[in-house]
Structure formats: structure tokens, C-alpha cells
Amino acid sequence: MTSDIEAQLRAVSLRVTRPRVAVLAALRDNPHVDTDTVIALVRADHPTISHQAVYDVLRALTDTGLVRRIQPARATARYESRVGDNHHHVVCRSCGAIADVECAVGHAPCLTASNDHGFVVEEAEVVYWGVCPSCATERTSQ
């Protein structure tokens, strides 16, 4: 897996560094995590990596398109390594859990705007809101 991550970094002209590899690996195994969680995951294996290093890596990975930053309304920004496929998300109103949802219909942008105002629409960002199975079970058992 590390060689795949190294190849991804090189493909976008980023140097292969321990923090970059560690952050990408953490995001591959833990999608939709916030910055504090990324820091904790990375520090589990690399305790000397600073908060600022993780923030800088997340910015670089997002800027180059290797990582996607999502921030549903009223929620902390989250990061994921699944990029380039215009998928959407479902968010639990109760606990904040996030899951991927495949493209609504067809190919990107998946939706047709009722009026595009002359824009060339390339992507649609959809967030479905609801209650996850765990929270729904908890609500019915109360």
C-alpha cells in the first residue's frame, strides 16, 4: 500500500514524506474523519508529527486533488481519499456519521440544474440528511 501512496504523491508532483504517506494511509482506512482524528491516527504510529504538519499535509493533498474536503452544514470539515467520482454523502442528524452515496443518476455532474445561468456545470454536491441505523434504533428503544 505504501508504494501505491508514494506513486500517488509523485503523480501530483509532491515529494514523498513520512507525514504525507501517514495522512493518506489514515484517510484510506478511515474515510470522513475530521482533522483531530487524522492527527490522532497519524500520531499512533508517528508520535512526533506535529499538528501543523498534519494541517499542512491536508492542505497540500486537498489542493492537489488527492484528498477531498467535505463540510456538511453545521458540521466540522471532514476528509476522505475517495476523489474524482462525484459521489455524494448521507449524514446522520443525530450523531454526525457520514457515509458515501453513489452518484444520484448517471455520470457527473449527476444532476441537471433547472437553470445553469450559462455555467458549464462539472460537478454536483449533494448531501442527504437523515438518521443512521444506530441512532434510529436508539430512538425507537427509548
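Structural notes, computed from the coordinates.

Thresholds, definitions, all that
Residues numbered from 1 in each chain as written. Predicted model: local features only at pLDDT ≥ 70, side-chain atom pairs only at ≥ 80, totals over all residues. Heavy atoms only, no water. 1 Å grid on protein atoms, 1.4 Å probe; cavity = no way out; pocket = protein on both sides within 12 Å on 5 of 7 lines; lining within 4 Å. Points joined across faces, edges and corners; volume = space filled by probe spheres on them. Nonpolar A, V, L, I, M, F, W, Y, C, P; charged D, E, K, R; others polar. Salt bridge = Lys/Arg side-chain N within 4 Å of Asp/Glu carboxyl O. Helix = DSSP H or I, 4+ residues; strand = E, 2+ residues; numbered from the N terminus. Axes fitted to C-alpha atoms, helices over the stretch in contact; angles between N-to-C directions. Parallel < 35°, antiparallel > 145°, perpendicular 65-115°, else oblique. Left-handed = near helix turned anticlockwise from the far one by under 90°. Contact = heavy atoms within 4.5 Å. Pairing = 2+ DSSP bridges.

Bringing empty space enclosed by the protein into the picture now. In the structure shown here, the tally under the stated rule is 1 cavity of 30 Å³ or more. The space that makes up the largest cavity amounts to roughly 30 Å³. Forming the boundary of the largest cavity are Arg68, Ile70, Gln71, Pro72, His89, Glu125 and Val127. A per-class count over the lining of the largest cavity returns 3 nonpolar, 2 polar and 2 charged.

Now for the pattern of salt bridges. According to the stated counting rule, one finds 7 salt bridges in the structure shown. With a closest N to O distance of 3.7 Å, Arg68 and Glu80 form a salt bridge. Residue Arg68 is found in strand 1 (residues 68-70), and its partner Glu80 is found in strand 2 (residues 78-80); the two are separated by 12 residues along the sequence. Of the charged contacts, one joins Asp100 and Arg82 as a salt bridge, the two residues approaching to 3.4 Å between their closest N and O atoms. Of this pair, Asp100 sits in strand 4 (residues 98-101) while Arg82 sits in the loop between strand 2 and strand 3 (88-92), placing them 18 residues apart in sequence.

One can describe the packing of helix 3 (residues 35-45) onto helix 4 (residues 51-63) by two numbers: an axis separation of 10 Å at closest approach and a directional angle of 115°. If you check the angle between helix 3 and helix 4, you find them roughly perpendicular. For the crossing formed where helix 3 meets helix 4, the hand is right-handed. For the pair formed by helix 3 and helix 4, the contact residues are Thr35, Asp36, Val38, Ile39 and Arg43 on the first element and His51, Val54, Tyr55 and Leu58 on the second. Across the contact of helix 3 with helix 4, the residue classes break down as 5 nonpolar, 2 polar and 2 charged.

Taken together, 3 strands build an open sheet; the order of strands is 4-3-5 and the sheet is mixed. Lying at the two open borders of the sheet, with one neighbouring strand each, are strand 4 and strand 5 (127-130). Each neighbouring strand pair of the sheet contributes to a mean axis angle of 25°, computed without reference to strand direction. Where strand 3 lies against strand 5, 4 bridges are found, and the strand directions are parallel. The partner of Val90 across the bridge, within strand 5, is Tyr128.

Turning next to the layout of surface pockets. The volume enclosed by the largest pocket comes to roughly 150 Å³. Lining the largest pocket are Arg18, Val21, Ala22, Ala25, Ala26, Asp29, Asn30, Leu41, Val42, Asp45 and His46. With 6 residues, helix 2 (residues 18-29) is the largest single contributor of residues to the lining of the largest pocket. Considering only residue class, the lining of the largest pocket consists of 6 nonpolar, 2 polar and 3 charged.

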